[in-house]
Amino acid sequence: MDKKRVTQEDVAKEAGVHRATVSLSLRSHPSIPEKTRERVIEAARKLGYAPDPMLSALAMYRNTTRSHAFHGTLAWLVFTDQRDFDWRDVGVFRQYHQGALARAKENGFTLETFEFNPNEIPYDRQASILKARNIRGILLFPQPLPRVVEGFPWDDFSMVTFGYSLLKPELHTVCSTQYRAMLQTMHKLHEKGYRRISLAIGFGINDRTDNNFLAGYLAAQYRIGEPPLVHQRTWGWDLDAFINRLREEKPEAVIVDSYYMVNLMKRSGLRIPEDLAVVCPMLSCEQTDVGIAGVTEDGYHVGEVAVDHLTRMLQRGETGVPEKVLRIHVEGIWHDSPTLPALKRKKAKKAPRSRRKNSQR
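Note that this is a predicted model, so its numbers are computed, not measured.

1. Looking at the pairing of strand β5 (residues 158–162)
One face of the sheet, then the other: side chains in a regular strand alternate in exactly this way. The element β5 is largely enclosed, with a buried count of 5 among its 5 residues. Side-chain alternation along β5 places Ser 158, Val 160 and Phe 162 on one buried face and Met 159 and Thr 161 on a second face that is also buried. In this structure, strand β3 (residues 137–140) lies alongside β5, joined through 4 bridges in parallel fashion. From the neighbouring strand, Gly 137 faces β5, where its bridge partner is Ser 158. Where β5 lies against strand β7 (residues 172–176), 3 bridges are found, and the strand directions are parallel.

2. Some words on unusual backbone geometry
The omega torsion of the bond from Lys 168 to Pro 169 falls at -5 degrees, within 30 degrees of zero and hence cis. Within the fold, Pro 169 resides in the loop between β6 (166–168) and β7. Looking along the chain, the bond that leaves Ile 272 and enters Pro 273 is cis, with omega of 10 degrees. Along the polypeptide, Pro 273 turns up in the loop between α11 (259–267) and β11 (277–283). You will see that Asn 134, though not glycine, has its phi angle at about 60 degrees, which is positive. Tracing the backbone shows Asn 134 in the loop between α6 (123–132) and β3. Residue Asn 134 is classed as exposed on the basis of its relative accessible area, which comes to 60%.

3. A few points about the packing of aromatic side chains
Scanning the model with the defined rule gives 14 aromatic pairs in all. Arranged with centres 5.6 Å apart and planes meeting at 50 degrees, the rings of Trp 76 and Trp 87 form a pair that is tilted. Of this pair, Trp 76 sits in strand β1 (residues 72–79) while Trp 87 sits in the loop between β1 and α5 (91–106); the two residues are 11 residues apart in sequence, bridging distant segments of the chain. On the basis of relative accessibility, which here comes to 4%, the residue Trp 87 falls in the buried class. Ring centres 4.9 Å apart and planes at 10 degrees place the aromatic pair Tyr 96 and Phe 162 in the stacked group. Of the two residues, Tyr 96 sits in helix α5 while Phe 162 sits in strand β5, which places them 66 residues apart along the sequence. When its relative accessible area of 6% is taken as the criterion, Tyr 96 is described as buried. We classify Phe 162 as buried; its relative accessible area is 2%.

4. Considerations on helix α13 (residues 299–316)
End to end, α13 covers 26 Å across 18 residues, agreeing with the expected 26 Å (1.5 Å per residue, within 8%). By the criterion of burial, α13 is predominantly enclosed, with 13 of the 18 residues buried. Count one or two residues on from α13 and you reach Gly 317, which has phi positive near 75 degrees.

5. Describing the pattern of salt bridges
Considering all chains together, one arrives at 15 salt bridges under this definition. Between Arg 88 and Glu 115 there is a salt bridge, with its nearest N and O atoms 2.6 Å apart. With a gap of 27 residues between them, Arg 88 in the loop between β1 and α5 and Glu 115 in strand β2 (residues 109–116) connect regions that are remote in the sequence. The salt bridge involving Arg 245 is made with Glu 249; its shortest N-O contact spans 2.8 Å. Here Glu 249 and Arg 245 lie together in helix α10 (residues 239–249), a separation of 4 residues that amounts to about one turn. You can call Arg 245 partly exposed: its relative accessible area is 34%. For Glu 249, a relative accessible area of 18% corresponds to the buried category. Ionic contacts of the salt-bridge type, sharing partners, join the residues Arg 103, Glu 106, Glu 304 and Asp 308 into one network.

6. Observations concerning the pairing of β1
Of all 8 residues that make up β1, 8 are buried, and the element is covered over most of its length. In this sheet, β2 lies alongside β1 in parallel orientation, the contact comprising 8 bridges. Paired with Ala 75 across the bridge in β2 is Glu 112. With respect to chirality, the unit in which β1 leads through α5 into the neighbouring parallel β2 is right-handed. Looking at chain direction, β1 and β3 are connected through 4 bridges and run parallel. Across the sheet, residue Leu 74 finds its bridge partner in β3, namely Gly 137.

7. So, the packing of α5 against α13
Their axes nearest at 6 Å, the elements α5 and α13 cross at an angle of 45 degrees. The angle between the axes of α5 and α13 places the two elements in the oblique class. Our pair here, α5 against α13, has a crossing hand that is right-handed. Only Gly 299, Tyr 300, Val 302, Gly 303, Glu 304, Val 307 and Asp 308 of α13 make contact with α5, whose side of the interface consists of Val 92, Gln 95, Tyr 96, Gln 98, Gly 99, Ala 100, Ala 102, Arg 103 and Ala 104. Residue composition of the contact of α5 with α13, grouped by class: 8 nonpolar, 5 polar and 3 charged.

Here is what the cut-offs are and how they apply
- Residues numbered from 1 in each chain as written.
- Predicted model: local features only at pLDDT ≥ 70, side-chain atom pairs only at ≥ 80, totals over all residues.
- Heavy atoms only, no water.
- Buried < 20%, exposed > 50% of the residue type's maximum accessible area, 1.4 Å probe, protein only.
- Helix = DSSP H or I, 4+ residues; strand = E, 2+ residues; numbered from the N terminus.
- Pairing = 2+ DSSP bridges.
- Phe/Tyr/Trp six-rings, centres within 6.5 Å; stacked < 30°, edge-to-face > 60°.
- Expected span 1.5 Å × (residues − 1).
- Salt bridge = Lys/Arg side-chain N within 4 Å of Asp/Glu carboxyl O.
- Right-handed = clockwise from strand over helix to strand, strands pointing away.
- Axes fitted to C-alpha atoms, helices over the stretch in contact; angles between N-to-C directions.
- Parallel < 35°, antiparallel > 145°, perpendicular 65-115°, else oblique.
- Left-handed = near helix turned anticlockwise from the far one by under 90°.
- Contact = heavy atoms within 4.5 Å.
- Nonpolar A, V, L, I, M, F, W, Y, C, P; charged D, E, K, R; others polar.

Structural data, given as structure tokens:
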């Protein structure tokens, strides 16, 4: 009897990851952290995994027969009047751009960056510059601040944006599954025995993500009957007050928005994970390598999907503000770490035998 062929599903179970993570890891996809790729490759070697030659041949045939004729230029459009803001400093934004750049090339387009300060170059002038370059498709970069209203003349362009920082107009949007990422994070916490869970993320992050992270946290805690412990960081945030509140409330775990918060807690004398577990539902690839559990945003694929949708809009001649807005969500990838161990609850001490007898009389 022939030995059963090892599949990517088998490798996923061995490595403790999702099957999609195996596929991406074996293709050295940049959205997968290096440590995860190494674990997947080691699992594949251990099981003796080899790709199906027929499927590989079919994929190669599709790639070689696909048309790569030049179709034009797409704009990566950035509006900002903040001199100290550079989107390249944010890991997940760089991933959006890398994914978009690669997919644009596959689809026969080039992707060119335009950064405009609306206070220096009026919106009408910006549109004229793009039209003079014969650019009709725009990827609108996330706004530096949340809930922004922009006055760009949209009618002559096909546009896709990222996330929820642009309040008006409402454009087709591609982003990570923020609500589901929080639900996945909460499920992992509950699965490992945690109940008293604190949420400590910035007010601005909640605002620019349409409160998806906050909503997921509240829904998950409501489901198990636990009261919410919410700390929203704002400008002028008092670290000492936050640490004191953590010590008063004694949560078993805290959900943070970045590794920056982990460092602050460590500097304040809190031991992680001995005093409390820490997890993040919005990790970038850079953050997974520093050792924190959570959901990694697949920013590279978000960029790819945005370009795919934009090129289809161009093909159909769809321009201007859409009547019915589409929200396209891309699943993140769970990343385990020692910052989230299984919770070991202390057993209640039994009363001395003599005391138990007296209480029964």
